[in-house]
Amino acid sequence: MARIDAPGAGRTGVARKASTPAKPAGYGGRVPLAGRPPRLVGAALAALLVLAVFAPVARGLADPDDFEGDWCQHVAWTARLADPTLFPDDPHVAFFSGPPLSTLGVRAAYEALVPALGPEPTARTLGALALLATAALGAALGRRLGGVAGAALVVGVLALHSRGLVSTPWGIPRSFALPLHLATAWALAARRRGALAASFLAAALLYPPALPPAVGGAVLVGLLALRRPRARATALRRGVVPAVAAVVSIAVLLVAYRGADDRYGPRVDRATARAMPEFGPDGRAELWSRSERRFWTSGPSSGVGAGVAEVALTLVAVGALVARRRGRRHLVAPALLAAGLVSFAAAHATLFALHLPQRYVATLWPVAQAAWVASVLPALARRLGRARGPRGGALATGVALALALVGAGRGVARTVAAARAPVDEDRRALHAFLSTLPRDARVAAFPTDADEIPLRARRSVLASDETAQPYWLGYYRAERARLEASIEAVFATSWDALDAFAARHGVAVVVADASRYGASPRNALREPFGAAVRRSFAAGEAAGFVLRDPPADRVLFRRGRFTVVRVGPGR
């Protein structure tokens with residue numbers, strides 16, 4: 001039974017104004033009281049959110065060939081953790097398994113799990129854990145900002161966002177960017193010093209580009225406390241643990257990841273990159289685009305990771321939130337976004353001393369947007385609740401339910417589409433055959449055909465599209481030569497030239513894809529390799545491609561459009 005206080009019976013003995021209405025409980029604040037959504041609505045909301053959250057994992061289970069483009073290279077090397085005899089003398093394994101591309105925390109996770117689970121199950125398990133952590137941390141942040149409805153709203157926004165939950169279930173370092181941002185935001189909103197310190201260390205171990213926005217955002221939020229003279233001493237004392245953790249995390253970065261420049265350097269600089277087609281329009285690592293707007297917004301390496309309209313609307317929305325000064329916890333996400341933009345600017349100013357500019361801010365947009373929704377809609381519902389009673393108070397829950405429904409429907413649709421997608425049985429049969437070759441057999445193929453071979457067949461390739469990483473020139477000079485040699489081999493016009501190529505590079509077999517030689521060949525590659533393909537294809541068309549119709553004594557495997565051809569002096 002609710003307690004009824006007599007006039008003047010408040011804590012201070014001052015009579016409460018009769019015109020002050022009570023706030024509807026359960027839609028905002030930190031105390032979930034009896035005003036939370038009805039059980040049936042809450043159960044439906046929870047079920048829809050579960051569907052929306054785990055749809056990306058279900059897609060991978062429905063279609064094992066569904067993964068990000070560079071997933072293969074980040075995961076393939078881990079097979080050596082279960083079988084050290086794989087990939088002997090493979091330069092790609094060394095490059096992708098250590099600094100700069102494999103972080104300490106992700107590598108440790110693979111070392112612990114791969115011997116028991118295998119490479120791909122481990123990657124998908126880590127992706128599922130990242131997805132679960134993202135949803136849990138998003139709900140915790142939303143609960144701080146807008147109560148029960150705020151928690152559902154944050155998860156709903158992240159489920160619908162193109163850079164939200166769908167970007168996490170891959171088990172590679174970049175998969176941890178979003179949960180790391182959310183961990184920092186929640187720790188700041190909840191004023192948990194230990195959790196904040198842990199988020200710094202986790203960023204250093206899992207995904208270093210998440211560390212500068214985390215530390216910068218914490219500094220900005222801390223400065224708000226220093227503005228109040230009475231709180232300065234307390235704020236400084238409470239900031240000791242996070243400050244020490246930040247210093248330790250930066251030290252970890254400097255010590256653990258510096259080996260890349262020593263082993264694969266020199267690192268490319270701005271002047272060198274400007275002259276390389278790899279960094280130009282349509283380049284393998286496009287930085288400078290044809291459009292100035294694309295360069296700063298949606299450029300894959302140079303932009304902020306969002307379109308002009310999204311950037312403008314987000315900045316206006318969070319700016320209005322900051323101007324209102326509603327409370328420290330509501331300023332956390334704007335502070336992280338501001339720190340991310342500063343890091344983005346610093347990365348551009350020091351190109352390429354830091355990581356790619358986009359990596360510092362792209363995954364902060366969904367965090368800022370979800371936090372804004374969780375801060376504003378429940379507050380609006382409380383206002384309507386004061387004016388219109390329970391109907392107004394249920395607004396935020398209704399919106400959350402609608403978001404969850406749309407997110408679940410979208411996720412289920414993607415999963416069904418993945419399950420119905422035609423399976424490339426020819427490619428699977430190719431990988432199965434290649435896995436029967438001797439373990440030291442090296443394979444050459446068209447660059448995009450070679451991408452999946454190390455993961456699916458557990459055999460080394462001479463080069464592939466995703467192994468062409470032009471940021472460390474010591475590694476890349478040799479890799480570019482190997483990739484261009486692979487293209488020349490695929491479009492060879494002489495068996496003598498093909499055998500000489502095999503002897504020079506230690507290649508045992510070449511994979512020929514018939515679709516590369518047709519009237520409308522599928523030969524698109526990014527520059528400078530697109531130009532190399534066009535040159536080799538034009539020369540082969542005039543003289544004849546030897547791999548189009550190889551003699552029977554050279555053919556080891558043939559199915560559909562794929563043929564595996566034995567090459568080299570010892571064939």
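Residues numbered from 1 in each chain as written. Predicted model: local features only at pLDDT ≥ 70, side-chain atom pairs only at ≥ 80, totals over all residues. Heavy atoms only, no water.

**Section: the pattern of salt bridges**
With the rule as written, the count across this model stands at 23 salt bridges. The residue Arg561 makes a salt bridge to Asp424 at a minimum N-O spacing of 2.9 Å. Separated by 137 residues along the polypeptide, Arg561 in the loop between β4 (555-559) and β5 (562-566) and Asp424 in the loop between α18 (395-420) and α19 (425-434) bring together distant segments of the chain. The class of Arg561 is partly exposed, set by a relative accessible area of 22%. Through salt bridges that share partners, Asp424, Arg427, Asp449, Asp513, Arg516, Arg522 and Arg561 make up one connected network. (Salt bridge = Lys/Arg side-chain N within 4 Å of Asp/Glu carboxyl O. Helix = DSSP H or I, 4+ residues; strand = E, 2+ residues; numbered from the N terminus. Buried < 20%, exposed > 50% of the residue type's maximum accessible area, 1.4 Å probe, protein only.)

**Side note on the confidence of the model for the protein**
Here the protein averages 86 in pLDDT, and 88% of its residues register 70 or above. Every residue in residues 1-35 scores below 50 in pLDDT, and together they form 36 contacts with partners more than four places removed in sequence or on other chains. (pLDDT = per-residue confidence, 0-100. Contact = heavy atoms within 4.5 Å.)

**A word on the nonpolar core**
As a rule of thumb, nonpolar side chains are buried together in soluble globular proteins. Ranked by size, the top nonpolar core spans 83 residues in total, and within it Trp71 and Phe200 carry the most contacts. In this view, Phe200 contacts Leu211, Ala214, Val215, Ala218, Pro242, Ala245, Ala246 and Ser249; residues no more than four positions away in its chain are not counted. Listed in part, the 55 residues of the second largest apolar core include Phe295, Leu351, Ala463 and Phe491. (Core = buried A, V, L, I, M, F, W, Y, C linked by side-chain atoms within 4.5 Å.)

**What about the pairing of β5?**
Most of β5 is tucked away, with 4 of its 5 residues classed as buried. Here strand β3 (residues 509-513) pairs with β5 via 5 bridges, running antiparallel. Among the inter-strand pairings, Val510 is bridged to a residue of β5, identified as Val565. Across 4 bridges, β4 lies against β5 in antiparallel orientation. Bridge assignment links Phe557 to a residue of β5, and that residue is Val564. Between the antiparallel neighbours β4 and β5 lie 2 residues, among them Gly560 with a positive phi of about 55 degrees. (Pairing = 2+ DSSP bridges.)

**Looking at the sheet that holds strand β1 (residues 442-444)**
Strand order in the open sheet made by the 5 strands is β2-β1-β3-β5-β4, with mixed pairing throughout. Edge positions in the open sheet fall to β2 (460-461) and β4, since each of these has one partner strand only. Strands in contact with α19 are β1, β3, β4 and β5; relative to β4, the strand with the most contacts, it is inclined by about 155 degrees. (Axes fitted to C-alpha atoms, helices over the stretch in contact; angles between N-to-C directions.)

**Brief notes about helix α24 (residues 529-543)**
The end-to-end C-alpha distance of α24 is 21 Å, a good match for the 21 Å that 15 residues give at a rise of 1.5 Å each. Turning to α24, the residues buried within the fold contact α22 (473-490). Gly544 sits one or two positions beyond α24 and adopts a positive phi of about 105 degrees. (Expected span 1.5 Å × (residues − 1).)

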